[in-house]
Amino acid sequence: MSTERPGRVAVTGIGVVAPNGLSADAYWKSVREGLGVLDRVTREGCEELPLKVAGEVRGFEASDLIEERFLVQTDRFSHYAMAAAQHALDDAGIARDVPEDPFSIGVVTAAGSGGGEFGQRELQKLWGQGSRFVGPYQSIAWFYAASTGQISIRSGFKGPCGVVASDEAGGLDGIAHAARAVRRGTGAVVVGAAEAPLAPYSVVCQLGYPELSTVEDPDRAYRPFTDAACGFVPAEGGAMLVVEDEQRARDRGAAVRAFVAGHGATFTGASRWRESREGLARAVRVALDEAGCAPEEIDVVFADALGVPEADRAEALAIADALGAHAARVPVTAPKTGIGRAYCGAPVLDTAAAVLAMEHGVVPPTPYVFDIRHDLDLVVSRARPAELRTALVLSRGLMGSNAALVVRRGDDSAR
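Residues numbered from 1 in each chain as written. Predicted model: local features only at pLDDT ≥ 70, side-chain atom pairs only at ≥ 80, totals over all residues. Heavy atoms only, no water.

Per an unreviewed UniProt entry, the protein carries the name Ketosynthase chain-length factor and comes from Streptomyces omiyaensis. In its Sequence similarities (unreviewed entry) section, UniProt records this for the protein: "Belongs to the thiolase-like superfamily. Beta-ketoacyl-ACP synthases family." (UniProt positions renumbered as here; feature names shortened; annotations may be inferred.)

### Observations regarding the pairing of strand 15 (residues 401-409)
Buried residues dominate strand 15, accounting for 7 of its 9 residues. Judged from the 9 bridges that link them, strand 8 (residues 258-267) and strand 15 form a sheet pairing that is antiparallel. For Val-260, the partnering residue across the bridge sits in strand 15 and is Val-407. Bridge count between strand 14 (residues 390-396) and strand 15: 7 bridges; the pairing is antiparallel. Bridged to Ala-391 within strand 15 is Val-407. Between strand 14 and the antiparallel strand that follows it, strand 15, lie 4 residues; Gly-400 among them carries a positive phi value of about 115°. (Buried < 20%, exposed > 50% of the residue type's maximum accessible area, 1.4 Å probe, protein only. Helix = DSSP H or I, 4+ residues; strand = E, 2+ residues; numbered from the N terminus. Pairing = 2+ DSSP bridges.)

### Description of helix 1 (residues 24-33)
Listed as buried for helix 1 are Ala-24, Tyr-27, Trp-28, Ser-30 and Val-31. Burial along helix 1 is one-sided: seen end-on, the buried residues are contained in an arc of 165°. Facing away from the buried surface of helix 1 by more than 90 degrees, the exposed residues are Asp-25 and Lys-29. In the core, the buried residues of helix 1 are packed alongside strand 1 (9-17), helix 12 (345-360) and strand 11 (362-363). A positive phi of about 70° marks Gly-34, the residue just after helix 1. (Arc of directions from axis to C-beta. Contact = heavy atoms within 4.5 Å.)

### Side note on the nonpolar core
The biggest cluster of nonpolar side chains holds 52 residues, and the ones touching the most others in it are Val-284, Ile-298, Val-301, Leu-323, Leu-392 and Leu-394. When residues of this core are traced back to their parent elements, those giving at least two are strand 3 (53-54), helix 10 (273-291), helix 11 (309-323), strand 14 and strand 15. The element that contributes the greatest number of residues to this core is helix 10, accounting for 8 residues. Once residues lying within four places of it in the same chain are set aside, the contact partners of Leu-394 are Leu-172, Leu-280, Val-284, Val-301, Phe-302, Ala-303, Asp-304, Glu-315, Ile-319, Ala-403 and Ala-404. (Core = buried A, V, L, I, M, F, W, Y, C linked by side-chain atoms within 4.5 Å.)

### Examining helix 11
Given a rise of 1.5 Å per residue, 15 residues ought to cover 21 Å, and the 21 Å separating the end C-alpha atoms of helix 11 matches this to within 8%. For helix 11, every residue scored as buried is listed here: Ala-311, Asp-312, Ala-314, Glu-315, Ala-316, Ala-318, Ile-319, Ala-322 and Leu-323. The inward-facing, buried residues of helix 11 abut helix 10, strand 9 (300-302) and strand 14. (Expected span 1.5 Å × (residues − 1).)

What follows is the structure in structure tokens.
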């Protein structure tokens with residue numbers, strides 16, 4: 001017997017820290033214009049590594065946004081998450097320092113790896129200087145659950161908290177997890193993901209992925225759905241959302257920006273991109289069914305867009321399998337090509353872009369892509385005006401997870 005409540009789950013806040021913007025507004029402006037910000041990797045210690053191009057977050061000063069007592073015990077990936085969470089809470093109109101009912105607000109994040117930069121620094125101290133030089137926060141700062149813990153501690157939130165570790169698709173799975181918590185009675189959940197994969201140790205680990213692009217030209221390093229597809233480039237940053245019970249949001253006068261309507265998830269195995277066709281299509285069908293949504297109702301698809309020819313073909317076929325004849329007509333976009341794939345943060349950034357696209361009535365373009373190889377109505381070059389009521393966001397992980405999320409336009413979406 002289900003214990004979930006029938007009310008809708010509303011998105012009331014969006015916070016972004018990304019290579020193309022340190023706020024949701026700045027991010028959307030860049031996404032809408034189709035700006036590509038991929039560039040040479042400049043992180044210290046990465047200069048001689050084979051990865052040459054990525055999406056770096058620049059101009060971010062953690063000390064301007066986060067108290068020193070948290071900075072000393074956290075990695076860069078948590079800094080991004082904490083800053084994005086604060087932006088989302090401010091957008092939702094929820095007080096961070098003194099929540100009205102701390103047990104009514106939870107936190108859920110997804111993470112692909114954790115705090116590699118912090119962990120590498122402390123391990124170098126261990127082997128170079130000795131154990132007495134290792135800081136006490138080594139035990140927690142690297143941990144993939146650190147962002148959830150620090151956001152909840154900093155904000156005083158004592159509701160249900162969790163971390164999702166299900167590959168890049170975990171960004172969407174985390175949103176679904178948060179939505180279920182709201183349906184079970186939690187008032188609101190701060191949910192999302194942010195990553196910081198450009199430390200030397202982290203980059204070396206990623207070099208084991210055959211899907212990683214090592215092309216040195218930023219204009220050619222990440223071009224999914226084209227004949228020149230050669231893999232993906234990683235990115236820093238991510239996004240956080242506030243999701244809450246619709247009636248709770250309305251009672252406190254918050255604007256409902258969107259609704260989390262449906263979610264589906266499957267698993268098809270690491271790098272088995274041909275099999276991901278069936279898995280991703282199944283995830284889409286489950287998400288549509290949960291949302292009570294017909295394929296013809298999908299107005300835009302935010303693609304996973306891995307940039308590997310076999311994976312791109314599988315995704316195009318999965319969209320056709322799940323949406324039928326409508327697949328040839330629905331606009332598809334992949335704004336992540338302009339900033340890189342932020343692992344678990346990537347699909348949350350896409351979800352934020354989907355909400356903003358529905359609010360503004362435009363489908364953003366896919367940067368760096370123009371010679372489309374697959375049978376998709378891929379939006380390129382410039383944004384396309386469109387009446388958008390329902391968006392489908394897709395994500396796949398390198399280890400085999402697939403996820404789909406259906407998001408509906410909010411009743412108060414005109415901003």
